[in-house]
2 protein chains.
Amino acid sequence: MNFKELTADKTAQIETMLRKYLPVEEGYQKTVLAAMNYSILAGGKRLRPLLMQETYRMLRGTEQTVEPFMAALEMIHTYSLVHDDLPAMDNDEYRRGRKTTHIVYGEAMGVLAGDALLNYAFETALQAYDKTSDPARVTKAMKLLAGRAGIYGMIGGQTADIEAEHQKTDVNEEHLLYIHEHKTGALIQAAMGIGAVLAGADDQTVQDMEQCALSIGVAFQIQDDILDVTSTTEVLGKPVGSDAKNEKLTYVTMKGMEQAAEDVRNYSKQAMDILEKYAGEDRYLLQLVQSLITRQH
Amino acid sequence: MNFKELTADKTAQIETMLRKYLPVEEGYQKTVLAAMNYSILAGGKRLRPLLMQETYRMLRGTEQTVEPFMAALEMIHTYSLVHDDLPAMDNDEYRRGRKTTHIVYGEAMGVLAGDALLNYAFETALQAYDKTSDPARVTKAMKLLAGRAGIYGMIGGQTADIEAEHQKTDVNEEHLLYIHEHKTGALIQAAMGIGAVLAGADDQTVQDMEQCALSIGVAFQIQDDILDVTSTTEVLGKPVGSDAKNEKLTYVTMKGMEQAAEDVRNYSKQAMDILEKYAGEDRYLLQLVQSLITRQH
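Heads up: these notes are all about the structure in this document. (Residues numbered from 1 in each chain as written. Chains lettered and ligands numbered in written order. Predicted model: local features only at pLDDT ≥ 70, side-chain atom pairs only at ≥ 80, totals over all residues. Heavy atoms only, no water.)

### Focus on the relation of the copies chain A and chain B
Part 1: Between chain A and chain B, the superposition needs a rotation of 180° and an axial shift of 0.0 Å, giving an RMSD of 0.0 Å. Expressed as an axis order, the relation between the two copies is that of a two-fold axis. No C-alpha of chain A lies nearer the rotation axis than that of Asp 115 of chain A, which sits 3.4 Å from it.
Part 2: Comparing interface residues between copies, 100% of those in chain A also lie at the interface in chain B; the contact surface is shared. (Least-squares fit on C-alpha atoms with pLDDT ≥ 70 in both. Contact = heavy atoms within 4.5 Å.)

### As for the nonpolar core
Part 1: Ranked by size, the top nonpolar core spans 190 residues in total, and within it Leu 51 and Phe 69 of chain A together with Leu 51 and Phe 69 of chain B carry the most contacts.
Part 2: If near-sequence neighbours (up to four positions away) are discounted, Leu 51 of chain A is found in contact with Ile 188, Ala 191, Met 192, Leu 285, Leu 288, Val 289 and Leu 292 of chain A. (Core = buried A, V, L, I, M, F, W, Y, C linked by side-chain atoms within 4.5 Å. Buried < 20%, exposed > 50% of the residue type's maximum accessible area, 1.4 Å probe, protein only.)

### Observations concerning unusual backbone geometry
Part 1: Backbone geometry places Arg 60 of chain A, a non-glycine residue, at a positive phi of 65°.
Part 2: Look at Arg 60 of chain A and you get exposed, because its relative accessible area is 67%.

### Thoughts on the interface of chain A and chain B
Part 1: Across the contact, 48 residues belong to chain A and 48 residues belong to chain B.
Part 2: In this assembly, chain A packs against chain B so that about 4,300 Å² is buried in total across both faces, 68% of it on carbon and sulfur atoms.
Part 3: Applying the counting rule to chain A against chain B returns two salt bridges.
Part 4: On the surface where chain A and chain B come into contact, there are 15 residue pairs in polar contact (both at pLDDT 80 or more).
Part 5: Per-element accounting of the side of chain A that touches chain B gives the leading share, 13 residues, to helix 6 (residues 107-126) of chain A.
Part 6: Looking at side-chain class alone, the side of chain A that touches chain B contains 29 nonpolar, twelve polar and seven charged residues. (Buried area = accessible area lost by both parts, 1.4 Å probe. Salt bridge = Lys/Arg side-chain N within 4 Å of Asp/Glu carboxyl O. Polar contact = N/O pair within 3.5 Å; in protein donor to acceptor, adjacent residues only side chain to side chain. Helix = DSSP H or I, 4+ residues; strand = E, 2+ residues; numbered from the N terminus. Nonpolar A, V, L, I, M, F, W, Y, C, P; charged D, E, K, R; others polar.)

### Section: the packing of helix 4 (residues 66-84) of chain B against helix 9 (residues 173-198) of chain B
Residue and element names in this part refer to chain B.
Part 1: The N-to-C vectors of helix 4 and helix 9 enclose an angle of 170°; their axes lie 10 Å apart at closest approach. By the angle class used here, helix 4 and helix 9 are roughly antiparallel. Residues Val 66, Phe 69, Leu 73, Ile 76, His 77 and Asp 84 of helix 4 touch helix 9, and the partners they reach there are Lys 183, Leu 187, Ala 190, Ala 191, Ile 194 and Leu 198.
Part 2: Residue composition of the contact of helix 4 with helix 9, grouped by class: nine nonpolar, one polar and two charged. (Axes fitted to C-alpha atoms, helices over the stretch in contact; angles between N-to-C directions. Parallel < 35°, antiparallel > 145°, perpendicular 65-115°, else oblique.)

### Some remarks on helix 6 of chain A
Part 1: Spanning 20 residues, helix 6 of chain A covers 29 Å between terminal C-alpha atoms, matching the ideal 28 Å at 1.5 Å per step.
Part 2: For helix 6 of chain A, the tally of buried residues reaches 19 of 20 residues, placing the bulk of the element in the interior. (Expected span 1.5 Å × (residues − 1).)

### A look at the pattern of salt bridges
Once their charged atoms are close, side chains differing in charge can pair, the charge on each being opposite to the other.
Part 1: On inspection of all chains with the given rule, the structure shows 36 salt bridges over all chains.
Part 2: Note that Asp 85 of chain A is salt-bridged to Arg 95 of chain A, the shortest N-O span being 2.9 Å. Residue Asp 85 of chain A is found in the loop between helix 4 (66-84) and strand 1 (94-95), and its partner Arg 95 of chain A is found in strand 1; the two are separated by ten residues along the sequence.
Part 3: On the basis of relative accessibility, which here comes to 4%, the residue Asp 85 of chain A falls in the buried class.
Part 4: Assessed through its relative accessible area of 27%, Arg 95 of chain A is described here as partly exposed.
Part 5: The shortest N-O distance in the salt bridge between Asp 134 of chain B and Arg 137 of chain B comes to 3.2 Å.
Part 6: Asp 134 of chain B gets classed as partly exposed once you look at its relative accessible area, which sits at 27%.
Part 7: One connected set of salt bridges, linked through shared partners, spans Lys 10, Glu 54, Arg 57 and Asp 282 of chain A.

### Notes on the packing of aromatic side chains
Part 1: The full count for this structure, using the stated rule, is eight aromatic pairs over all chains.
Part 2: Taken together, a centroid distance of 5.3 Å and an interplanar angle of 35° make the contact between Phe 3 of chain A and Tyr 284 of chain A tilted. In this pair, Phe 3 of chain A is assigned in helix 1 (residues 3-20) and Tyr 284 of chain A in helix 14 (residues 284-293), connecting sequence segments 281 residues apart.
Part 3: A relative accessible area of 23% means that Phe 3 of chain A is categorised as partly exposed.
Part 4: You can call Tyr 284 of chain A buried: its relative accessible area is 4%.
Part 5: Aromatic side chains Tyr 129 of chain A and Tyr 129 of chain B sit 6.1 Å apart centroid to centroid with 15° between the ring planes, which places their arrangement in the stacked category. Taken as a pair, Tyr 129 of chain A in the loop between helix 6 and helix 7 (135-149) and Tyr 129 of chain B in the loop between helix 6 (107-126) and helix 7 (135-149) lie in two separate chains rather than in one. No difference in accessibility class separates Tyr 129 of chain A from Tyr 129 of chain B, as the two residues are buried.
Part 6: Here Lys 10 of chain A stacks its cationic end above the ring of Tyr 284 of chain A, 4.8 Å away from the centre of that ring.
Part 7: We note Arg 98 of chain B situated over the ring of Tyr 38 of chain B; from NZ or CZ to the ring centre the distance is 3.9 Å. (Phe/Tyr/Trp six-rings, centres within 6.5 Å; stacked < 30°, edge-to-face > 60°. Lys NZ or Arg CZ within 6 Å of the ring centre and 35° of its normal.)

### Digging into the side chain of Glu 74 of chain A
Part 1: For Glu 74 of chain A, the location among the structural elements is in helix 4.
Part 2: Those residues within four positions of Glu 74 of chain A in sequence are excluded, and the remaining contacts are Leu 18, Ile 40, Arg 46, Arg 48 and Pro 49 of chain A.

### Some remarks on the environment of Ile 162 of chain B
Part 1: Mapped onto the fold, Ile 162 of chain B is located in helix 8 (residues 154-167).
Part 2: You can call Ile 162 of chain B buried: its relative accessible area is 14%.
Part 3: The spacing of Ile 162 of chain B and Ile 76 of chain B is 86 residues in sequence and 19 Å in space, taken between C-alpha atoms.
Part 4: When sequence neighbours within four positions are dropped, the list of residues in contact with Ile 162 of chain B reads Ala 108, Met 109 and Leu 112 of chain A together with Met 89 of chain B.

### A short note on the packing of helix 1 (residues 3-20) of chain B against helix 4 of chain B
All names here are of chain B.
Part 1: Where helix 1 meets helix 4, the closest approach of the two axes is 10 Å, and the angle between their N-to-C directions is 90°. Classed by the angle they form, the pair helix 1 and helix 4 counts as roughly perpendicular. Along its contact with helix 1, which presents Ile 14, Met 17, Leu 18 and Lys 20, the element helix 4 presents Glu 67, Met 70, Ala 71 and Glu 74.
Part 2: Of the residues contributing to the contact of helix 1 with helix 4, the split by class is five nonpolar, no polar and three charged.

### A look at the environment of Ala 121 of chain B
Residues and elements named next belong to chain B.
Part 1: Among the structural elements, Ala 121 can be located in helix 6.
Part 2: What makes Ala 121 buried here is its relative accessible area of 0%.
Part 3: Residues Ala 121 and Ile 76 lie 45 residues apart in sequence; the distance between their C-alpha atoms is 6.3 Å.
Part 4: Excluding its chain neighbours within four sequence positions, the residues that come into contact with Ala 121 are Ala 72, Met 75 and Ile 76.

### Details of helix 10 (residues 203-230) of chain A
Part 1: For helix 10 of chain A, built from 28 residues, the straight-helix expectation of 40 Å at 1.5 Å per residue is met to within 8% by its first-to-last C-alpha distance of 40 Å.
Part 2: Most of helix 10 of chain A sits inside the fold, with 21 of its 28 residues counted as buried.

Spelled out as structure tokens, the structure:
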């Protein structure tokens, strides 16, 4: 199989795995369960669980602990989208061509389904304790999961992003980088860091994987800003020029197109250099990271 | 010290302890940190951490693991109030005489502060692993915390409550009991169950504490319904008759005042009978439970 087929295959397997971890829609609370499942099953690239699985595999993990953490991380990513779409936040009625959760189930259920997914993510990850001979590894992974998702991780980035929208001119490069590193980078870090921890990697390796993930996250986000200017709606599959329309400060407006493109190349090289040290003959993760950063949509 | 003084003293100590676990308000994300702290420091009876601590003490717990779990449970309780107050839910502008979180910090921050508190609760509870010689106990407590707070616990109850408001006439006694047991009961169960688990209690004792907590939670909630009919706004400190005004189905409207009062006595007796088996000479927890159930406000 070539890279594209392999990725489709792996993603389909993750899709099947995720379904195993979803709640059965029954009981007096079944509406929130249906809303959770609707949100999770809306598709998506399953990038975070894929990165976690492939980091785990590259570092020769052999237990069954990675599955519940893959599911948990995707639940956290999904809850953040459900709450982001709420009228109080981005007020989006559609995501990936489907109605958003609060449009289908009402706004109260949108709030509760997000809460439920976040809480259930931890319930799900805790199942890993029943699958390990080394509970200390799972504890380390639990701490990474909670830390990267929270106020010093993703939620920190979401908050800084909202603040930036209010301040506009006061936003400096450090602030913008903080947003990119935390809003997008933190869950990528969780993916690769947890993959490494659960595989039993030493501290240096875990640190390398997290550093690699951070570079990927930032490169990914800058590329997003670039594509919003250079791509077309057809290629991108979503409206282009939205940042300019919203007068949103982006990496491109701040540093110019040339420097932005240069920085994507630099961050990418950092990430690839780290991965090269560990990849050996197993080239899949390298290819995956390459494809993420150089994507045209 | 008499019971009242003792309770004031213990509550003040919990208040001090909670502050130790709150984030420092600095960084690009400081608005969400301020909103979290504002929500937590709004006061309240600190009932759940108090119940956890006293269960732990009664069962002779000796480690320092209970503190992070006490803080975590109060964070979970607080996040549920912050989200409950949102316009999409109960749309409350005041709570305990103070403006609610989303009124002070805006609706987006109301959503994020709730998310942040829930996530930080797990980060905080995970600190207990650094304070124990028996990580398996902490894992058991983590599972209880996540389980009782989630879709098979509190969130389940919140959802069933919202469903009941939509259905009104279709709500039967089982449905109403499900709401009481989960919306209020589940976090009381978490409090006493986690207190027992961390103290190293055997399975039967943990089960007894959870059963006791469930009876307390239901008795507490029925008493709430009773007071809404029989009390005055002065005594209760909040408007009475709100259930009738909102045509809300309550335990009293369903079973009549006499049966409701009888049931409070029965649930209370169940709870007290269990506690008597464990209390010995230490009467504080018994008195606390008694005071909760027979409260007039």
